[in-house]
Amino acid sequence: MTSKSAAAAARATVYGYPRQGAGRELKKAVEGYWKGRVDAAGLRRTAAALRAATWRGLAEAGVHEVPTGDFSYYDHVLDTTVMVGAIPARHRAAVEADALDGYFAMARGTQDVAPLEMTKWFDTNYHYLVPELGPDTVFTADSTKQVTEFREARALGLDARPVLVGPLTYLLLAKPAPGVAAGFDPLTLLDRLLPVYAEVLADLRAAGAEWVQLDEPALVQDRTPAELSAAARVYRDLGALTDRPKLLVASYFDRLGDALPVLAKAPVDGLALDFTGPAAGNLDDLAAVGGLPGKRLVAGVVDGRNVWINDLAGSLTTLGTLLGLAGRVDVAASCSLLHVPLDVTAERDIDGQIVRWLAFARQKTTEVVLLARALERGTDAIAAELAANRADLASRAGSPITHDPAVRSRTAAVTDADARRALPYPGRAAAQRARLGLPPLPTTTIGSFPQTTELRTARADLRAGRIDTTGYEERIEAEIREVISFQEKAGIDVLVHGEPERNDMVQYFAEQLTGYLATQHGWVQSYGTRYVRPPILAGDISRPGPMTVRWTSYAQSLTGRPVKGMLTGPVTMLAWSFVRDDQPLGETARQVALALRDEVADLEAAGTSVIQVDEPALRETLPLRAAGRPGYLAWATEAFRLSTSGVRAETQIHTHMCYAEFGDVLQAIDDLDADVISLEAARSHMQVAGELAAAGYPREVGPGVYDIHSPRVPDTGEVTALLRRALAAVPAERLWVNPDCGLKTRGWVEVREALEHLVAAARQVRGEVG
C-alpha cells in the first residue's frame, strides 16, 4: 500500500440503503395509506422518521457522507419520472389532483387507468416502473423531493450526497409510450432531458450540495458507438455547467468496458466503480486508461448484492492498487445496499458460527468503514478485525456444510441423456392431449391463490405453539377445499391447490432442502410494498424427502379435473436466494436440479398429470454483457431439463416466467423443452406472444391476460381483446388462458371476479374459433 498521506482523505460512503425500516414500517404505512387507515401527513411523518434514522445510523457507524434521494415510497425510477415531469397522459389528471395519489396510480393503476409497466432492475430481484416516452414527451424539472431530503440530512448536521438516476440510464430504461411506434428510440429525447437535469443540479447546488451522484448502471451493458457517443455528450454538457455541484458518476453490477474511457475523459469530478464479482475487471481497465489523476474514485469493494462477509485483506490489496490510480480514493459497497437485508444480528435461529460468515446492510457498512480506516491509518488500525475476518473465512471454507461428498458424486455422474426427454415434443403433445382431454384455449392459473390473514395467522400460530401440527394441517386442508371448489364452479380447466402452505415460492422449498438457510427478518424489497426473505444458499443441496406431494395429492382427491403439481425451478431457486460465491453457479444449479428431479418423479408416481416448474428468473439472471450469456444459458437450460426430463411422455411439463424482457432469451425458452409456457403479457399488451411467434416457438403458450400486480379487475371485454390479440400470434390449438402470475398478493374479492371474467372471455373466444 502507498503512503498514509496519499490516503489521508479516504472516506466511507454508501450509494443507498434499505428503505423499509427494521420492522417494515414503510410497508405498513404505505399500505395503511392505501386502505385509508393512515393519512398523507402520517405517511410523510413515518417516511421522514425512517430517513432520519437511516442517516443517523450510517453516521454513527462511521460513514462520512450519507446518500439522500435513494429513499422511495415505491420505486426510485418512478421518482425520477416525477423529477423530470414525464407523467403519462393517462395519469396527468390524477397527479394534478393529488400528487401522492397520482404517484401511486402510476405505480399500481386504478380500476380505470392502467399502471406503468414493471420489470427487473438489471439482473437483480428488484422491480422498477418503466418510463413511457414518445416524440411528444415534454420534460419539466421538479426537484422538490431531491432538495427536501438533502436538506433534511443537512439539518441533522450530516455531510450528504444526493443520488439521482442518470439521464442516460433513464432513457435507456424507457419504452415507447402506448400508441407510439415500437421503433421509437427514447434516446432521441436526450437534448430535451439534459436541461432538466441541469436545473435539478442547480437546485441542489443552491441548497448546499457539494457533490451529486448520477447513477449510470446502463453503461455496464454492451453499448453501441452511438450510445457511447451520447454518454460522452451527456457528461461533457453537464460537466461544462457553471452552476453545478461536483459530479460523481456511478456504475455497478459489471465492468464499464468501453464506457470507462468515455467517462474517464469526461469533465466530471469523480467516478464510482464496482470492483466485485464480474466487475473486478474494472481494476485492470482503469489502469489501462491511465486512471483518474486529480479526480475522486469511490471504490465499491464490498459486495452490495450478496450476504457473505468481505475478504478484508483482499479488498485492502485492491484499494492499495487503486491509490496509485486516482487523486482520491474513498470506500463504498459495490452498489446500493437496497439489495440485502438490514441486520444479521436479528437472526436468532441461525447457528452463531454461520452468522459470522454473513454480512447484511449494517455489517457491510461496518466493513466499508473498517476498510476506509485501514486505508487512511494503515492496517494496524484494524489488526484485530483482520484477524477475526481471516478466522471466519477459514471456518466457512472448511465447514462440512459446504461440502457433501454424496451430492458431489451424484452431480459428477450426470450425463447429457439425463437432461433430455425420451420423446420429442410432437409425440408428447399427442399423448398429453389424449390423457388430459382439455378443450381449446384451456384455462388455468399460475399456482398461488390469495394468502389471507387467516393463513398467515395459522403459520404464526404454528411457530408460536398456539396450535399443533394437526390443527395447522386442518386449516390448510380447509383452504385447499375452498380453492378447488371455487375453481370448479368458475369453470377453470386445469386446477391448482393454491399453495396455502407456502410462505414464498423459494423459501418454502429452501426450508426443506439441506444446504439452505432461512432467515426470520431478512426482508428485501422486491417492488413497492412487496418484500421477500431470500434464503441463503450456504452448502451442498439435497432433498431429504418429498416436499409437495401430500398437498398436491390431497387437492387431486377432491376433483376429477387435473391439478398441477407446483415447483420452483433451479435457476429461480438460485436467483431468488443469496447464492454461494465459492463455486460456479452452474454447479450449484445442477445440485438443485437433481433435488427437484426427485420431487418431480414422486409427483408423477402419485398420479400428477401436469407438473409446473416455474422459472421466472431465467431472463433476469442473464449476464449483463453478451460475452457471458452463452455459458449461462447452457447451464441454466440444462438444469431445467435435468429437473423435468425423467417423466413419461403423457406427463405435461409447464413452466412460467414473468416481468422481464424475453426477446433476447427466446432460443433459451425453446431449449427448456417445456410442453407449455405461461408468461407475463398483460401490461406489455401481448408483446411476448408476437416475439414467440416470430421466433417460430413450436409449443403451447399462455400469455397472461390479467395483470395481478395491479388492484384493478379487468372486465370480460378487456380480457377478450387481449386473447384476440394473442390469437393473432399463436394458433388456438396451442394457446392457453391464464393470469400473468400467481395470485397470492391479491384479495379474494378481486380474484373471484377477475377469474370469472377470464373464463367467460375464454369461452367467448373459444366459440369464435370453433
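Remember, it's a predicted structure, so these values are computed and weren't measured experimentally.

Draft legend 1. Looking closely at the environment of Trp635. As for its position among the elements, Trp635 is in helix H24 (residues 629-644). Placed 50 residues apart in sequence, Trp635 and Leu585 show a C-alpha to C-alpha distance of 8.6 Å. Non-local contacts of Trp635, meaning those with residues more than four positions away in its chain, are made with Val571, Leu574, Leu585, Gly586 and Ala589.

Draft legend 2. The arrangement of the pairing of strand E17 (residues 610-614) in detail. Most of E17 is tucked away: 5 of the 5 residues are buried. A two-sided burial pattern is seen for E17, the buried positions comprising Val610, Gln612 and Asp614 on one face and Ile611 and Val613 on the other. Inspection of the sheet shows strand E16 (residues 564-568) paired to E17 by 5 bridges, in the parallel sense. Residue pairing for E17: Lys564 is matched across the bridge by Val610. Read as a crossover between parallel neighbours, the route from E17 over H24 to strand E18 (residues 652-657) is right-handed.

Draft legend 3. The arrangement of the sheet that holds E16 in detail. Read across the sheet, 5 strands follow the order E16-E17-E18-E19-E20 without closing on themselves; strand pairing throughout is parallel. Each edge of the sheet is formed by a strand with only one pairing partner; in this case those strands are E16 and strand E20 (700-703). Strand after strand, the sheet turns through a mean of 20 degrees between neighbouring axes, direction not considered. Against the sheet, H24 touches E17 and E18, its axis set at about 145 degrees to E18.

Draft legend 4. The side chain of Glu367, seen in detail. Inspection of the secondary structure puts Glu367 in helix H14 (residues 361-377). Here Glu367 is buried and forms no salt bridge, its nearest opposite-charge partner Lys364 lying at an N-O distance of 4.8 Å. What Glu367 contacts, discounting residues up to four positions off in sequence, is Val302, Ile309, Asn310, Leu312 and Ala359.

Draft legend 5. Summary view of the packing of helix H1 (residues 25-34) against helix H2 (residues 40-61). Viewed as axis vectors pointing N to C, H1 and H2 meet at an angle of 170 degrees, and their least axial separation amounts to 9 Å. In terms of their interaxial angle, H1 and H2 are classed as roughly antiparallel. Mapping the contact onto sequence places Glu25, Leu26, Ala29, Val30 and Tyr33 in H1 and Ala40, Leu43, Thr46 and Leu50 in H2. Here the contact of H1 with H2 is built from residues that sort into 7 nonpolar, 1 polar and 1 charged.

Draft legend 6. Fine view of the confidence of the model for the protein. Averaged over all residues, the pLDDT of the protein is 95; the fraction at 70 or higher stands at 99%. Confidence over residues 1-6 falls short of pLDDT 50; this stretch has 9 contacts with residues more than four positions distant or in other chains.

Draft legend 7. The arrangement of the packing of H1 against helix H5 (residues 99-108) in detail. At a minimum axis separation of 12 Å, H1 and H5 run at an interaxial angle of 100 degrees. The orientation of H1 relative to H5 falls into the category roughly perpendicular. Where H1 abuts H5, its residues Val30, Tyr33 and Trp34 lie against Leu100, Asp101, Phe104 and Arg108. Classifying every residue of the contact of H1 with H5 gives 5 nonpolar, no polar and 2 charged.

Draft legend 8. Layout of the pattern of salt bridges. Scanning all chains against the criterion turns up 52 salt bridges. Ionic pairing is found between Glu477 and Arg550, a salt bridge with its closest N-O pair at 3.3 Å. Of this pair, Glu477 sits in helix H19 (residues 469-490) while Arg550 sits in helix H21 (residues 549-556), and the two are 73 residues apart along the sequence. Across the pair Arg580 and Asp540 runs a salt bridge, and its minimum N-O distance is 2.8 Å. On the criterion of sequence distance, the pair formed by Arg580 in the loop between helix H22 (570-575) and helix H23 (585-605) and Asp540 in strand E15 (residues 536-542) is long-range, its members being 40 residues apart. We classify Arg580 as buried; its relative accessible area is 3%. Three or more residues are tied together by salt bridges with common partners; here these are Arg396, Arg408, Asp540, Arg580, Asp581 and Asp582.

Draft legend 9. Summary view of the packing of aromatic side chains. Counted under the stated rule, the structure contains 16 aromatic pairs. Ring geometry for Phe486 against Trp748: centres 5.6 Å apart, planes inclined by 85 degrees, an arrangement best described as edge-to-face. Taken as a pair, Phe486 in helix H19 and Trp748 in helix H28 (residues 748-769) lie far apart in primary sequence, 262 residues in all. Relative accessible area serves as the criterion here: at 10%, Phe486 is assigned to the buried category. Their ring planes at 85 degrees and their centres at 5.3 Å tell us that Tyr508 and Phe509 sit as a pair that is edge-to-face. Note on Tyr508: relative accessible area 9%, which makes it buried.

Draft legend 10. View of the sheet that holds strand E9 (residues 270-274). Pairing is parallel across the open sheet formed by 7 strands, whose spatial order is E1-E5-E7-E8-E9-E10-E11. Two strands bound the open sheet, and with one partner strand each, they are strand E1 (66-68) and strand E11 (326-333). Across the sheet, the axes of successive neighbouring strands diverge by a mean angle of 25 degrees, strand direction being ignored. Pairing of E1 with strand E5 (residues 160-165), which is carried by 3 bridges, proceeds in the parallel orientation. In the strand pairing of E5, Val66 is matched with Ala160. Contacts between H14 and the sheet are confined to strand E10 (292-302) and E11, with E11 contributing the most and set at about 155 degrees to the helix.

Draft legend 11. Representation of the pairing of strand E8 (residues 246-250) in the model. Along E8, 4 of the 5 residues are buried, which leaves the element largely enclosed by surrounding structure. A crossover links strand E7 (residues 211-215) with its parallel partner E8, the connecting element being helix H9 (residues 225-239), and its sense is right-handed. Where E8 lies against E9, 3 bridges are found, and the strand directions are parallel. Directly across from Leu248, in E9, lies its bridge partner Gly270. The parallel pair E8 and E9, bridged by helix H10 (residues 259-265), forms a crossover whose chirality is right-handed.

Draft legend 12. Broad picture of H28. Here H28 contains 22 residues, and its C-alpha end-to-end distance of 31 Å stays within 8% of the 32 Å for a straight helix at 1.5 Å per residue. For H28, the full list of buried residues reads Trp748, Glu750, Val751, Ala754, Leu755, His757, Leu758, Val759, Ala761, Ala762, Val765 and Arg766. For H28, the secondary structure elements touched by its buried residues are H19 and helix H27 (716-727). Backbone geometry just downstream of H28 places Gly770 in the positive-phi region, at approximately 80 degrees.

Calculation notes
Residues numbered from 1 in each chain as written. Predicted model: local features only at pLDDT ≥ 70, side-chain atom pairs only at ≥ 80, totals over all residues. Heavy atoms only, no water. Helix = DSSP H or I, 4+ residues; strand = E, 2+ residues; numbered from the N terminus. Contact = heavy atoms within 4.5 Å. Buried < 20%, exposed > 50% of the residue type's maximum accessible area, 1.4 Å probe, protein only. Pairing = 2+ DSSP bridges. Right-handed = clockwise from strand over helix to strand, strands pointing away. Axes fitted to C-alpha atoms, helices over the stretch in contact; angles between N-to-C directions. Lys, Arg positive; Asp, Glu negative; His and termini not counted. Salt bridge = Lys/Arg side-chain N within 4 Å of Asp/Glu carboxyl O. Parallel < 35°, antiparallel > 145°, perpendicular 65-115°, else oblique. Nonpolar A, V, L, I, M, F, W, Y, C, P; charged D, E, K, R; others polar. pLDDT = per-residue confidence, 0-100. Phe/Tyr/Trp six-rings, centres within 6.5 Å; stacked < 30°, edge-to-face > 60°. Expected span 1.5 Å × (residues − 1).

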